[in-house]
Amino acid sequence: MPSELNEIPLWPHTAVPRVETPQLISDLNADVLIVGAGYTGLSAALHLAEGGADVIVIEAEEFGFGGSGRNAGLVNPGVWLTPQEVDQRIGAKAGDKLNAALDQGPEAVFGLVKRHNLNCDAYNGGTIYLAHNAGKVDYLKQRHAQMSERGATCEVVGGEETVRLTGSQLYRHGGLFDPRAGTIHPMSYTREMARVAQQFGARLFQNARIGSLAKSGGKWVATHGTGTISAEQVILATNAYSDNVLPKTREATIPVGMFHVATDVLDPEVAASIVPERHGVWDTRTVMLSTRIDPKGRLIMCSAGSLKWAFKAIKQAWVTRARDRLYPQVKGAKWSFHWSGTVGFTPNHLPRVHSPEAGLIIPLGYNGRGIGNGTVIGKACADYVQGAPLSDFPLPLHELSTVGMRTARSAYYEFGSAAMQFVTDRG
């Protein structure tokens, strides 16, 4: 994978082999053109091709290059907000519909894995949302009550149990366990979806960039380096990595960095003492910290912000302090891998799907829940372009609009997270 910031990313190092694709050199026609090969685009492509549609997927880099191949690999249901907060922001009827659809995220992901035998280290063993202090226990209990009312099988676990499940005395306040969730190798998941979509007949191209996209003669026509692609329907699934093809798409989300670090393979006894049942875990800090151990025994941690400029030193120093407080048995271990990616945030922290013109659909803004959300919404887009009624779609379609003060909001997340990380975990 190309490096954005002299990074050493883990996932390309450990992923299944890349999918080979032909060079894009001629004029082509298809029923559906998908631009962007992350979770959304590849889920749409796989479901469309599985149903017999003629699909072309074009990716400017390689499959999973963007946020899909740069995340922590936690497969969680829903969104960051509580179910009631979703209802409050978009109304009870739309909120119920969206909550119900996105709660199916892990089932959609692990169902695809099972149905197509995807080789991506999928582990459907649950995740744990941890109270980082005693004051957050009531919040987790409220979240549990709201989720349970909607049929979720999650459970509040006490401090003694969270210490056992995390291997850290600092997580002694309790947590919220969701058995529906789990972890996955994020880049292998994208590559495996691409492989299966290709087997079903989807035509996939990578390292190929769209120059323009416009309606012509009743069809959408995309230009590329040596020709055009014509299609009845277009799914523009570039999200936070959108470029200038449709400038408003790039401006429709707030770019927020997320960074990751990983050790090399730990001593087996040390690895076994950290999150021993291999759940994915994250906590309730304002600037959250997530932890997991990969199948080989590497410790992976993730938090907010990018590794740009002086932020790299601040963030790596902070995550090392935090790690050594949480898991002193790892103290002194080197971070052998470090990388970051960009997440598309929306002002209301909910995903949006835009349809500025007939035949063009633009899903984006997963706010850090891309694996489950992208898989679900990718399938919904596939169903919709094949004629499913709009009433079946999990959320309303919007006109394409830009985010006000986008640059300032992005800077707020970047500088705010760095400031908090600079001063915390020093005791």
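How each quantity is defined
Residues numbered from 1 in each chain as written. Predicted model: local features only at pLDDT ≥ 70, side-chain atom pairs only at ≥ 80, totals over all residues. Heavy atoms only, no water. Axes fitted to C-alpha atoms, helices over the stretch in contact; angles between N-to-C directions. Helix = DSSP H or I, 4+ residues; strand = E, 2+ residues; numbered from the N terminus. Parallel < 35°, antiparallel > 145°, perpendicular 65-115°, else oblique. Contact = heavy atoms within 4.5 Å. Nonpolar A, V, L, I, M, F, W, Y, C, P; charged D, E, K, R; others polar. Buried < 20%, exposed > 50% of the residue type's maximum accessible area, 1.4 Å probe, protein only. Pairing = 2+ DSSP bridges.

Draft legend 1. Structural context of the packing of helix 5 (residues 105–116) against helix 12 (residues 370–385). Axis separation between helix 5 and helix 12 bottoms out at 8 Å; the angle between their running directions is 75 degrees. Taken as axis vectors, helix 5 and helix 12 run roughly perpendicular relative to one another. Only Ile 371, Gly 372, Thr 375 and Val 376 of helix 12 make contact with helix 5, whose side of the interface consists of Gly 105, Ala 108, Val 109 and Leu 112. Of the residues belonging to the contact of helix 5 with helix 12, the class tally is 5 nonpolar, 3 polar and no charged.

Draft legend 2. Representation of unusual backbone geometry within the structure. With a phi angle near 55 degrees, Asn 117 is a residue other than glycine that sits in the positive phi range. For Asn 117, a relative accessible area of 63% gives the class exposed. Located in the positive-phi region is Trp 309, a residue other than glycine, with phi close to 50 degrees. With respect to the helices and strands, the residue Trp 309 is situated in the loop between strand 15 (299–304) and helix 11 (311–326).

Draft legend 3. Molecular detail of the pairing of strand 1 (residues 28–35). Of all 8 residues in strand 1, 6 are buried; the element is thus mostly enclosed. Of the pairings in the sheet, the one linking strand 1 to strand 11 (residues 227–236) comprises 7 bridges and is parallel in character. Note that in strand 11 the partner of Ala 30 across the bridge is Ala 231. One ladder, built from 4 bridges, connects strand 1 with strand 2 (residues 55–58); its direction is parallel. The residue of strand 2 that forms the bridge with Val 35 is Ile 58.

Draft legend 4. Spatial organisation of the sheet that holds strand 15. If you walk across this open sheet you meet the 8 strands as 5-6-4-13-14-15-12-16, and the pairing is mixed. Two strands close off the open sheet at either side, each with one partner strand: strand 5 (155–157) and strand 16 (335–345). Strand-to-strand, the axes of this sheet are offset by a mean angle of 20 degrees, without reference to chain direction.

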